[in-house]
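Single-letter residue listing:
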Amino acid sequence: MGLSAQHILLLLVIALLLFGRGKISELMGDVAKGIKSFKKGMSEDEEPVVKPAPRTIENDAVNPDRTKVG
């Protein structure tokens, strides 16, 4: 016993009566903003992260200002 078109239509009418037209459009706008934010976050994560070289005692003693010597 699956959902027929009549059942889905009835559920949509009930949802419209409970929430009203304004609330449903606000909810859809919020969902769209969430999806855009998620996509933006995913695209930012794909960029490679460059980590600075770890500082060592030898590097600091020989070259404290980190400029090339040579």
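Use the structure listed above.
Calculation notes
All chains use their own residue numbering, which begins from 1 and follows the written sequence. Only residues with pLDDT of at least 70 are given local features in this predicted model, and only at 80 or more are side-chain atom pairs given and counted; all residues enter the totals for whole chains, interfaces and linings. No hydrogens and no water enter the side-chain calculation; it runs on all heavy atoms of the structure. Starting at the N terminus, helices and strands are each numbered in turn, a helix being any DSSP run of H or I of at least four residues and a strand any DSSP run of E of at least two. Shrake-Rupley sampling with a 1.4 Å probe provides the accessible areas, and residues are treated as covered by the protein chains on show and by no other component. Patches here: salt-bridge-free residues with over 30% relative accessible area, like charges joined within 9 Å, nonpolar side chains (Val, Leu, Ile, Met, Phe, Trp, Tyr) joined within 5 Å. The term salt bridge refers to a side-chain nitrogen of Lys or Arg lying within 4 Å of a carboxyl oxygen of Asp or Glu. The contact criterion used throughout is that any non-hydrogen atoms of two residues lie within 4.5 Å.

Asker: Explain the overall build of the protein to me, please; I cannot follow it from the model alone.
Answerer: Helix and strand counts for the protein stand at two helices and zero strands. A total of about 7100 Å² of accessible surface is found on the protein, and carbon and sulfur atoms cover 65% of it.

Asker: Please explain a nonpolar patch on the surface as it appears in this structure.
Answerer: Taken together, the side chains of Leu-10, Ile-14, Leu-18, Phe-19, Leu-27, Met-28, Val-31 and Ile-35 present a nonpolar region at the surface, about 790 Å² in accessible area. Residue position: Met-28 is located in helix α1 (residues 5–45).

Asker: Explain the environment of Ile-24 here, please?
Answerer: Looking at where Ile-24 falls in the secondary structure, it is placed in helix α1. Sequence-distant contacts of Ile-24, that is, excluding residues within four places in its chain, are made with Ala-15, Leu-16 and Phe-19.

Honestly, that's just the spatial picture; any functional story needs more than this.
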